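# Structural description and commentary
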Amino acid sequence: MSESTASQPAADKSSDTQTLEEFASREYEWGFVTDIEADSAPPGLNEEIIRFISAKKEEPEFMLEWRLKAYRQWLKMEDPTRRAPSERWAKVSYPDIDYQSVVYYSAPKKKELSSLDEVDPELLETYKKLGIPLEEQKMLAGVAVDAVFDSVSVATTFKDKLSELGIIFCSFSEAVKEHPELVKKYLGSVVPTTDNFFAALNSAVFTDGSFVYIPKGVRCPMELSTYFRINAANTGQFERTLIVADEGSYVSYLEGCTAPMRDENQLHAAVVELVALDNAQIKYSTVQNWYPGDENGVGGIYNFVTKRGACRGHHSKISWTQVETGSSITWKYPSCILQGDHSVGEFYSVAVTSKMQQADTGTKMIHIGDNTRSTIISKGISAQRGQNTYRGGVKIMKNAQNARNFTQCDSMLIGDRCGAHTFPYIEVRNPNGQVEHEASTSKIGEDQIFYCNQRGLSTEDAVGMIVNGFCKEVLAELPMEFAVEAQKLLGISLEGSVG
Amino acid sequence: MLNIENLQASVGDTQILRGINLQVNAGEIHAIMGPNGSGKSTMAQVLAGHEGYDVTGGSASFLGRDLLDMNPEERAREGLFLAFQYPVEIPGVNSTYFLRTGYNEMCKHRGQEELDAMDFLSLVREKLKLVEMDESFLKRSVNEGFSGGEKKRHEVLQMAVLEPRLAVLDETDSGLDIDALRVVANGVNALHSPEKAAIVVTHYQRLLEYIVPDYVHVLYKGRIVRSGGKELALELEEKGYDWVKDEAVGAAV
């Protein structure tokens, strides 16, 4: 295990006198004018741009104020990516990000469509190629889709059926307009704007995302699904997702991502907040396969995401399941704050790093309430020159009686140029807390592959099978249709990494 | 069916096989015996195409094709099966799924129709009886937590499902008690037919009481130093390997 160093020596940071603050407060040098008719904002970030975004989205005043406040806080925060390598806590390295070259708003040309027929056929074609069945198949599959294409939701189905049950499932923009009281109450209540640099940035400039509210006692009858895609070149994506499960309700939410080939690094800094009240359950599943960059790490997505759930009510439960195969850099810790007594937090994760990918991912389980329980199952797979880090925090607070945690953290290495690292942080302040931690590291055996070969399987199929077996406990947590997709994805992601 | 001429193989700088000659015809069972370290297992692994061994000379043809030119999965699909001495565990991979994937690869190769999960299950159930295995095996992960005997039975089960033309059994008897040995041997015998052949690699004569070979070859220091009928095995049992060792040394001088 060795400390990571910056992948390019470049611009020696000490002489880089240009502070972020100067950077951000600088007047927009190409003479920016707020043009409400424009389909996208010019690159760069300042208060004007934030006003532009807010105006574009016809937001109420409170939203604009909230954004501006976040923006002003962000200006004062330190960019963790610019810290000296020795002071970085995440085991990832990358060149500096120029926040002024990012386009913070871009919308597809057509908007406000009432049916799928009005959707750009080219767009539908792209979805088809990606295997996203946006059309009627979805009804059979029982999945409602809120597709985020670039920054505006283009199509939302199943809404009527859901609204009969009082379920709100809509784009975030719509929620701001239609349900401002809910947004006001819960937005930022799990991930405050000051939480971290990227959460603050997201709060200032997020363009869209999804909003879900499940009323008391309602069990959402279908998996809710959103396909995020990043398409327009050089457009940073700042989604915002907020899911509120009221007392005694249940919802399963799927998030899947794909992105086409791209040459420039793209910054992706989403924020996801989950709130589970008394006896409520939220299951949040992610399959992420954004462009990982080429063999040299060029062109991949930077995935700096803040995901957190609050088990506010007693007997509430939040379950995160993720299969992460994409992005050049992933920095992500879906966490649970177990406030309610008897609340349960779960984290099931598969993270694959191949090529030059770097992932620093894991979870935080904060036990506050009595008899709270958490389970962490993490499977990391490294191939080629991939670097995979599990970083997990388990914290049992002083007043949390009889809290329990079980952590299992397995790493698999393919080849001898990759790395796997494990950093568990455990903090127990209550003497009757119970914490278990198991960890293993294995190398995918040539003998295993040979054994499969001898039974007629090609090496690629063998690797796919062995890796899927390794990840079985996590894949089993995914909803059926997602699990199949995830299995294929694991095979595809590791193609060419053996032999 | 299998024609090996002057086959030489090494691991790193160590030469292990120093010129093996062997011809196996359809319908025959050949036993390869020899003391530890004589190269028996290496020979089995080399035939199956293990990349850890470098073939440094000689040739081998299987059903008229150049065996050494094929990668391991091609050899398997052509009908060469290796029952491993130490079957590896593949955690999380269901045995039935594993076996069906292999089976369907063979089908694809032969241009036959692949079997779906249901049809395959009935096929496997039939074969399970042959090795006196419980159906609960099918739900377990490949070799994970299997006892030594279970692993060996599992190998024979796979052989029964894949129906190879040539089966190479690498010390399938090692670590088996007498009952398991009988089961395994019965399985192998039941699968034998005039179109098929088998090479049984073993250290002890014991297995050959159950699987009766047509030919017995003694391997020593990477060469076949003696060949004969099944009675050779008995002679070995009686006189021990020192006898062939001395003879081999004598011949070399």
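What counts and how
Residues numbered from 1 in each chain as written. Chains lettered and ligands numbered in written order. Predicted model: local features only at pLDDT ≥ 70, side-chain atom pairs only at ≥ 80, totals over all residues. Heavy atoms only, no water. Helix = DSSP H or I, 4+ residues; strand = E, 2+ residues; numbered from the N terminus. Rg over C-alpha atoms; globule rule 2.2 N^0.38 Å. Buried < 20%, exposed > 50% of the residue type's maximum accessible area, 1.4 Å probe, protein only. Contact = heavy atoms within 4.5 Å. Areas by Shrake-Rupley, 256 points an atom, 1.4 Å probe, with all protein chains shown as cover. Pairing = 2+ DSSP bridges. Axes fitted to C-alpha atoms, helices over the stretch in contact; angles between N-to-C directions. Core = buried A, V, L, I, M, F, W, Y, C linked by side-chain atoms within 4.5 Å. Phe/Tyr/Trp six-rings, centres within 6.5 Å; stacked < 30°, edge-to-face > 60°. Buried area = accessible area lost by both parts, 1.4 Å probe. Salt bridge = Lys/Arg side-chain N within 4 Å of Asp/Glu carboxyl O. Polar contact = N/O pair within 3.5 Å; in protein donor to acceptor, adjacent residues only side chain to side chain. Nonpolar A, V, L, I, M, F, W, Y, C, P; charged D, E, K, R; others polar. Parallel < 35°, antiparallel > 145°, perpendicular 65-115°, else oblique. Left-handed = near helix turned anticlockwise from the far one by under 90°. pLDDT = per-residue confidence, 0-100.

## Considerations on the overall build of chain B
Helix and strand content of chain B: 8 helices and 12 strands. In terms of overall dimensions, chain B is globule-like: its C-alpha atoms have a radius of gyration of 18 Å, near the 18 Å expected for 253 residues. Over its C-alpha atoms, taken along the principal directions, chain B stretches across nearly 60 × 40 × 35 Å. A total of 253 residues make up chain B; the buried ones form 54% of that total. A fraction of 69% describes how many contacts in chain B between residues 6 or more apart in sequence connect residues 24 or more apart. When the accessible surface of chain B is totalled, it reaches about 11000 Å², and 45% of it is carbon and sulfur.

## Some words on the sheet that holds strand β12 (residues 223–228) of chain B
Residues and elements named next belong to chain B. Read across the open sheet, the 6 strands follow the order β6-β9-β10-β3-β11-β12; overall the sheet is mixed. Looking along the sheet, the strands with just one partner apiece sit at the ends: β6 (80–83) and β12. Each strand axis lies, on average, 20° off the axis of its neighbour in the sheet, ignoring direction. Where strand β9 (residues 166–170) meets strand β10 (residues 197–201), 5 bridges bridge the pair, whose relative direction is parallel. Counted as the bridge partner of V168 is I199 from β10.

## Here's the deal with the nonpolar core
The biggest cluster of nonpolar side chains holds 66 residues, and the ones touching the most others in it are A:I381, A:V467, B:L2, B:I4, B:I90, B:L166 and B:I199. Sorting elements by how many residues they give to this core places helix α11 (residues 459–470) of chain A first, with 6 residues. Contacts of A:V467, omitting those with residues within four sequence positions, involve A:I381, A:M412, A:I414, A:I444, A:L490 and A:L494. Core analysis: the next-biggest nonpolar cluster, separate from the first, contains 53 residues, A:Y71, A:L201, A:A269 and A:F304 among them.

## Focus: the packing of aromatic side chains
Across all of its chains, the model carries 21 aromatic pairs over all chains by this definition. Seen in terms of ring centroids, A:F450 and B:F84 are 5.7 Å apart; in terms of plane orientation they differ by 75°. Their pairing is edge-to-face. Taken together, the residues A:F450 in helix α10 (residues 446–454) and B:F84 in the loop between β6 and β7 (90–94) connect one chain to another. On the accessibility criterion, B:F84 (6% relative accessible area) is buried. Between B:Y103 and B:F120, the ring centres sit 5.5 Å apart and the planes meet at 55°, which makes this aromatic pair tilted. Of the two residues, B:Y103 is situated in helix α3 (residues 95–110) and B:F120 in helix α4 (residues 117–130); the sequence distance between them amounts to 17 residues. By relative accessible area, which is 16% here, B:Y103 ends up buried. Using a relative accessible area of 0% as the deciding quantity, one classes B:F120 as buried. An aromatic cluster is built from A:Y71, A:W74, A:Y99, A:F197, A:F198, A:Y302, A:F304 and A:W331, whose rings are joined through pairwise contacts.

## Re the interface of chain B and chain A
Listed per partner, the contact involves 31 residues of chain B and 18 residues of chain A. Of all residues in chain B, the largest losses of buried area upon contact with chain A belong to B:F84, B:V88 and B:F98, amounting jointly to 24% of the total for that side. On inspection of chain B and its partner chain A, the count reaches 1 salt bridge. A salt bridge links A:R455 to B:E155; its shortest N-O distance comes to 2.6 Å. Linking chain B with chain A are 11 residue pairs in polar contact (both at pLDDT 80 or more). Broken down by secondary-structure element, the contributors of at least two residues to the side of chain B that touches chain A are α1 (40–48), α2 (72–78), β6, β7, α3 and α5 (148–162) of chain B. Of all the elements, α3(B) adds the most residues to the side of chain B that touches chain A, at 6 residues. Residues that form the side of chain B that touches chain A fall into these classes: 17 nonpolar, 9 polar and 5 charged.

## Observations concerning the packing of helix α2 (residues 47–56) of chain A against helix α3 (residues 61–76) of chain A
Two packed helices can be described by the angle between their axes and the distance between those axes. Residue and element names in this part refer to chain A. For the pair α2 and α3, the least separation of the axes is 10 Å and the interaxial angle reads 155°. By the angle class used here, α2 and α3 are roughly antiparallel. Judged by the sense of rotation from one axis to the other, the crossing of α2 with α3 is right-handed. The segment α2 lies against α3, with E47, I50, R51, I53 and S54 engaging L64, R67, L68, Y71 and R72.

## Some details on the pattern of salt bridges
Summed over all chains, the structure comprises 27 salt bridges over all chains. B:E235 is the salt-bridge partner of B:K239, the closest N and O atoms lying 3.3 Å from each other. Taken together, the residues span about one helical turn, with B:K239 and B:E235 both in helix α7 (residues 231–239) at a distance of 4 residues. Since its relative accessible area comes to 27%, B:E235 is described here as partly exposed. Through salt bridges that share partners, A:E47, A:R51 and A:R72 make up one connected network.

## Comments concerning the environment of B:G79
All names here are of chain B. Following the sequence through the fold, G79 ends up in the loop between α2 and β6. With a relative accessible area of 4%, G79 lands in the buried category. Residues G79 and E231, 152 residues apart in the sequence, show an inter-C-alpha distance of 29 Å. Each residue touching G79, except ones within four places of it in the same chain, is listed here: F62, P164, R165 and L166.

## Comments concerning the side chain of B:T96
Positionally, B:T96 belongs in helix α3. Sequence-distant contacts of B:T96, that is, excluding residues within four places in its chain, are made with B:F120, B:L121 and B:L138.

## A look at the confidence of the model for chain B
In the predicted model, chain B carries a mean pLDDT of 91, and the fraction of residues at 70 or more is 98%. For this predicted complex, the interface confidence reaches an ipTM of 0.95, while the overall pTM sits at 0.79.

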